[in-house]
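Below, each chain spelled out in residue letters.
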Amino acid sequence: MPRRRIGFWYRFAAVICKPPLVVLIKRDWRGMEHIPAEGGFITAVNHNSHIDPFAYAHFQYNTGRVPRFLAKSGLFKKGFVGAAMRGTGQIPVYRETTDALSAFRAAIEAVERGECVAFYPEGTITRDPNQWPMTAKTGAARVALQTKCPVIPVAQWGANELLPPYAKKPNLLPRKTHRVLAGPPVDLSRFYDKEMTPDLLKEATEVIMAAITRQLEEIRGEKAPETPYDPRQERIEQRRRTAAQNRRAQQVKAEQEEGQGT
């Protein structure tokens, strides 16, 4: 595939980042043929390590179609990192502000210009205890349905073995293997030209995440849970458990005070 629109900053970042990645991790990359050679598209990728954006960017850089990631707006503001983020065309996300929707508009514009926008639909590193993809946000589906562009599901595994989720120190030895499997475009045509209601976006997102999960099952040689981990539901359950524990503690305290009074 031709290397187009890579530019100085992406090449400069590659010069800095690729050598340590090559030293630290082996590569088992499959499915590059599914990355479109022309036109705008989305990749939807699972997220299980703080360093997997670098490992995945290495994979896609080698296809000749560099990704434009959605990233926290704070990374764009100062210093070398900010210059690199702006220079490589990454897309700032302004969370919980009046500019929160600007990232989606920028993603749509990038796709319509013929670029690739890489989404981590989960929005953060998975909190599933066994590192399977969890329930996702609807941003990737929204952009896909708005533009009708191809959505390439990508599963990756191995960067999380080098640096486990939320760990502070890498596990360097033995040398880990970064496995990537990119699949054929997800068929979302049944959702086209319909009102983008929350339910429709949720269903389209579930279709995308199911494709990623199937590919991760192939990489890992394991079966994923039937129901994806839902961090919102887990928070609700945790609050219920905490409330129940508090009620029990209050009851025990009341019983003790009553016993002392008699």
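Higher on the page you've got the structure.
For clarity, every value in this text was computed on a predicted model and none was experimentally measured.

(A) Here's a closer look at the layout of surface pockets. Estimates place the volume of the second largest pocket at around 170 Å³. Around the second largest pocket, the lining residues are Cys17, Pro20, Leu21, Leu24, Ile51, Phe54, Leu162, Leu163, Pro170 and Leu172. Residue contributions to the lining of the second largest pocket peak at four residues, all from helix H1 (residues 7-24). Partitioned by chemical class, the residues of the lining of the second largest pocket number ten nonpolar, no polar and no charged.

(B) Quick look at the nonpolar core. Counting residues in each nonpolar core, the largest one holds 36 residues, and the members touching the most others are Ile42, Leu188 and Ile208. Of the residues forming this core, the biggest block, ten residues, is contributed by helix H7 (residues 198-220). Those residues in contact with leucine 188, other than ones at most four positions away along the chain, are Ala144, Leu145, Val151, Ala204, Val207 and Ile208. Counting residues in each nonpolar core, the second largest holds 20 residues, with Val45, Tyr56, Cys116 and Val180 among its members.

(C) Seen up close, the pairing of strand E3 (residues 67-72). Inspection of the sheet shows E3 paired to strand E5 (residues 116-119) by three bridges, in the parallel sense. From the neighbouring strand, proline 67 faces E5, where its bridge partner is cysteine 116. Pairing of E3 with strand E4 (residues 91-93), which is carried by three bridges, proceeds in the parallel orientation. Residue leucine 70 lies in a different strand from E4, and its bridge partner there is isoleucine 91. Since E3 and E4 lie parallel, the crossover through helix H3 (residues 79-87) that links them has a hand, and here it is right-handed.

(D) Representation of the sheet that holds strand E1 (residues 25-30). Spatially, seven strands are ordered E1-E7-E6-E2-E5-E3-E4 in an open sheet, and the strand pairing comes out mixed. Either end of the sheet is taken by a strand with one partner, and the two such strands are E1 and E4. In this sheet, neighbouring strand axes are inclined to one another by 25° on average, regardless of whether the strands run parallel or antiparallel. Pairing analysis gives four bridges linking strand E2 (residues 41-45) to E5, with the strands arranged parallel. Note that in E5 the partner of alanine 44 across the bridge is phenylalanine 119. Relative to the sheet, H1 contacts E1, E3 and strand E7 (176-182), its axis offset from that of E1 by approximately 110°.

(E) Here's a closer look at unusual backbone geometry. With an omega of -5°, the peptide bond between leucine 173 and proline 174 qualifies as cis. Checked against the element boundaries, proline 174 lands in the loop between helix H6 (159-162) and E7. Of note in the backbone geometry, lysine 148 takes a positive phi value of approximately 60° without being a glycine. With respect to the helices and strands, lysine 148 occurs in the loop between helix H5 (139-147) and strand E6 (151-157).

Cut-offs and rules
Along each chain, the written sequence defines residue order, and numbers are assigned to residues from 1. Where local features are concerned, this predicted model is filtered to residues with pLDDT of at least 70; where side-chain atom pairs are given and counted, the filter is 80 or more; whole-chain, interface and lining totals use all residues. Hydrogens and waters are ignored; side-chain quantities use all the structure's heavy atoms. In this analysis, the protein atoms alone were mapped onto a 1 Å grid. Cavities are point sets where a 1.4 Å probe fits without being able to get out; pockets are open sets with protein on both sides within 12 Å along at least five of seven lines; lining residues have an atom within 4 Å of a point. Grid points are joined across faces, edges and corners, and a volume is the space filled by probe spheres set on the points. Helix and strand labels come from DSSP, where a helix needs a run of H or I of at least four residues and a strand needs a run of E of at least two; each type is numbered from the N terminus. All amino acids are sorted into three groups, where Ala, Val, Leu, Ile, Met, Phe, Trp, Tyr, Cys and Pro are nonpolar, Asp, Glu, Lys and Arg are charged, and the leftover types, Gly among them, are polar. In plain words, nonpolar cores are sets of buried Ala, Val, Leu, Ile, Met, Phe, Trp, Tyr and Cys residues tied together by side-chain atoms within 4.5 Å. Relative accessible area decides the class of each residue, using a 1.4 Å probe on protein chains only: under 20% of the type maximum gives buried, over 50% gives exposed, and in between gives partly exposed. Contacts are assigned to residue pairs that have any heavy atoms within 4.5 Å of one another. Pairing between two strands requires that DSSP report at least two bridges joining them. Throughout, right-handed denotes a crossover for which the path from the first strand over the helix to the second runs clockwise when the strands point away from the viewer. Note on definitions: angles span 0 to 180 degrees between N-to-C directions of axes, and those axes are lines fitted to C-alpha atoms, for helices only across the stretch in contact.

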